[in-house]
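Topology and contacts: notes
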There are 2 protein chains.
Amino acid sequence: MTGSRNGVLELAVLGSLHENPLHGYELRKRLNTLLGMFRAFSYGSLYPCLKGLLTDGLIVEEEPPDDVVLGRRSKIVYKLTAEGKERLQELLTQAGPSSWEDENFGIHFAFFRHTEAEVRLRILEGRRSRLEERMENVRTALARTRERLDSYTLELQRHGLESVEREVRWLNELINTERAQAADKSQSERDERPGSDE
Amino acid sequence: MTGSRNGVLELAVLGSLHENPLHGYELRKRLNTLLGMFRAFSYGSLYPCLKGLLTDGLIVEEEPPDDVVLGRRSKIVYKLTAEGKERLQELLTQAGPSSWEDENFGIHFAFFRHTEAEVRLRILEGRRSRLEERMENVRTALARTRERLDSYTLELQRHGLESVEREVRWLNELINTERAQAADKSQSERDERPGSDE
DNA sequence: TGCAGATGTATCAGCTCGATACATCGCCCA
DNA sequence: TGGGCGATGTATCGAGCTGATACATCTGCA
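So, here is what we can say about the structure in this document. These numbers were taken from a predicted model, which means no experiment stands behind them.

1. What to know about the protein's contact with DNA strand C
- Around DNA strand C sit 18 residues in total, of which Asn6(A), Ser42(A), Tyr25(B), Lys51(B) and Lys75(B) are the nearest.
- Backbone atoms, meaning sugar and phosphate, make up 71% of the atoms of DNA strand C lying within 4 Å of the protein.
- In the environment of DNA strand C, a phosphate oxygen lies 3.2 Å from a nitrogen or oxygen atom belonging to the side chain of Ser45(A).
- Contact distances for DNA strand C include 3.2 Å between a phosphate oxygen and a backbone N or O atom of Ile76(B).
- Among the elements that make up the surface near DNA strand C, the one with the highest residue count is helix 3 (residues 43-55) of chain B (four residues).
- By residue class, the composition of the surface near DNA strand C is five nonpolar, nine polar and four charged.

Here is the structure:
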């Protein structure tokens with residue numbers, strides 16, 4: 001049972017709750033705003049996920065403040081446990097093939113603030129090669145195609161390719177920025193403690 | 001039973017088979033090349049769809065040429081029936097909310113060659129307002145957000161918004177082209193037969 | 001000959017989507 | 001005072017898809 005949840009949904013929930021405690025409805029709105037252009041979560045996946053996280057002890061229901069009249073229980077506010085924070089840290093260090101799929105990349109990126117520089121770089125590069133691989137596949141499949149394509153199909157291909165190329169350029173910029181920051185950092189570390197280099 | 005299939009998958013299959021008869025494996029490759037940058041179909045949806053189309057009499061297994069030695073049956077090549085062609089025409093005239101969802105728009109566009117000009121225009125405009133609506137939602141949700149966002153989140157939002165704006169501009173160009181063609185056509189019709197129309 | 005990889009059909013557990021149900025809250029207006 | 005209504009809120013379910021897997025055949029090639 002434990003640990004069999006959808007990886008990226010778990011990351012999204014734990015990451016959001018780490019910023020501050022939330023109840024289901026608000027959690028969904030947060031995530032769907034955060035990822036507005038990329039994907040949307042539905043209750044049918046969120047509530048089962050919350051239930052699983054509860055039974056695994058990664059989140060708990062937050063106690064309502066004492067001055068609230070008893071007997072009312074409409075909102076159910078969840079917050080991370082220590083185990084939940086630990087699990088979140090674990091998820092944030094994982095950079096695997098699923099991290100750079102279309103549906104998952106946005107989530108990982110959205111929590112980059114809490115991610116180590118090295119992991120960020122691996123995810124960005126993984127995403128980039130995923131896109132390049134896809135372009136390569138399409139291009140060769142297209143080259144193998146005998147028949148001439150109509151103008152609408154061509155335009156669709158052109159637009160798709162251009163979009164992906166644009167995302168690759170975006171990733172390139174991000175990767176360069178990350179590398180420059182890493183270089184700056186190691187430079188200043190060398191300045192501080194001269195004599196110990198890589 | 002009849003007519004309860006996923007609309008867009010049905011369109012994709014019927015549309016592909018209309019160009020030329022295919023077997024399942026090849027059909028999948030065709031579609032995934034055609035839509036390479038946008039989506040991919042899996043066998044788990046394709047085969048059930050083919051099965052349903054068969055039982056509804058919209059496609060049939062094509063007879064192998066007589067000179068092939070009997071007893072072998074590896075490939076199962078499907079082709080459209082008359083009913084299938086009719087159904088395809090019906091699907092091609094439908095332009096509804098599902099036509100401009102992310103997953104479906106590409107399919108509809110890919111078969112624009114077989115689609116009437118008026119329907120093309122409705123789908124393009126529908127897609128455009130869908131995107132504009134999404135941008136509006138994100139922008140207002142963002143404006144309502146109190147807390148300052150970190151730079152990664154902002155960059156993700158910016159990139160997402162830019163991508164969508166770019167697609168809207170692309171749609172605008174396509175819509176203008178369609179309108180210009182429609183105007184040309186009606187103009188030349190007026191020139192040819194003044195006083196009467198088709 | 002053998003064998004690796006592409007071609008080819010097919011199914012299944014597990015999960016997600018979209019719809020739906022139902023209750024409460026805050027607010028306005030008569 | 002009530003009552004209507006849209007937003008807030010929790011929850012579930014059937015339909016249908018994904019990703020994995022199984023298994024067979026064909027093809028090139030060493």
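Still more ground to cover, so stick around.
2. Some words on the packing of helix 1 (residues 7-19) of chain A against helix 3 (residues 43-55) of chain A
Residue and element names in this part refer to chain A.
- Relative to each other, helix 1 and helix 3 sit at 75 degrees, their axes nearing to 10 Å. On the basis of their axis angle, the class for helix 1 and helix 3 is roughly perpendicular. Residues Leu9, Glu10, Val13 and Leu14 of helix 1 touch helix 3, and the partners they reach there are Ser45, Leu46, Cys49, Leu50 and Leu53.

3. Focus: the environment of Val13(B)
All names here are of chain B.
- Along the chain, Val13 falls in helix 1 (residues 7-19).
- Through-space distance from the C-alpha of Val13 to that of Leu46 is 8.3 Å; in sequence the pair is 33 residues apart.
- Leave out the neighbours within four places in its chain, and Val13 touches Leu27, Leu46, Cys49, Leu50 and Leu53.

4. Here's the deal with the packing of aromatic side chains
- Taken as a whole, this structure holds 12 aromatic pairs over all chains when the rule is applied.
- Each ring, one from Phe109(A) and one from Trp170(A), has its centre 5.5 Å from the other, and the planes form 35 degrees; the classification is tilted. Placement of the pair is Phe109(A) in helix 5 (residues 102-110) and Trp170(A) in helix 7 (residues 151-192), with a sequence separation of 61 residues.
- Aromatic pair Phe105(B) and Phe109(B): ring centres 5.8 Å apart, planes at 50 degrees, arrangement tilted. Here Phe109(B) and Phe105(B) lie together in helix 5 (residues 102-110), a separation of four residues that amounts to about one turn. Accessibility classification places Phe105(B) together with Phe109(B) in one group, the buried group.

5. Here we look at the sheet that holds strand 2 (residues 59-61) of chain B
Residue and element names in this part refer to chain B.
- With antiparallel pairing, three strands are arranged side by side in an open sheet as 1-3-2. Both outer strands of the open sheet, strand 1 (22-23) and strand 2, are each paired with one neighbouring strand and no more.
- The pairing of strand 2 with strand 3 (residues 77-80) spans three bridges and is classified as antiparallel. Paired with Glu61 across the strands is Tyr78, a residue of strand 3.
- Packing of helix 1 onto the sheet brings it into contact with strand 1, strand 2 and strand 3, and relative to strand 3 it is tilted by some 95 degrees.

6. Here's the deal with the side chain of Ser16(A)
- As for its position among the elements, Ser16(A) is in helix 1.
- Among all residues touching Ser16(A), those that are not within four sequence positions of it are Leu22(A), Leu27(A), Leu31(A) and Phe111(A).

Scoring rules and cut-offs
Residues numbered from 1 in each chain as written. Chains lettered and ligands numbered in written order. Predicted model: local features only at pLDDT ≥ 70, side-chain atom pairs only at ≥ 80, totals over all residues. Heavy atoms only, no water. Near = heavy atom within 4 Å. Polar contact = N/O pair within 3.5 Å; in protein donor to acceptor, adjacent residues only side chain to side chain. Helix = DSSP H or I, 4+ residues; strand = E, 2+ residues; numbered from the N terminus. Nonpolar A, V, L, I, M, F, W, Y, C, P; charged D, E, K, R; others polar. Axes fitted to C-alpha atoms, helices over the stretch in contact; angles between N-to-C directions. Parallel < 35°, antiparallel > 145°, perpendicular 65-115°, else oblique. Contact = heavy atoms within 4.5 Å. Phe/Tyr/Trp six-rings, centres within 6.5 Å; stacked < 30°, edge-to-face > 60°. Buried < 20%, exposed > 50% of the residue type's maximum accessible area, 1.4 Å probe, protein only. Pairing = 2+ DSSP bridges.

Fair warning: the whole summary comes from geometry, so function is off the table for now.
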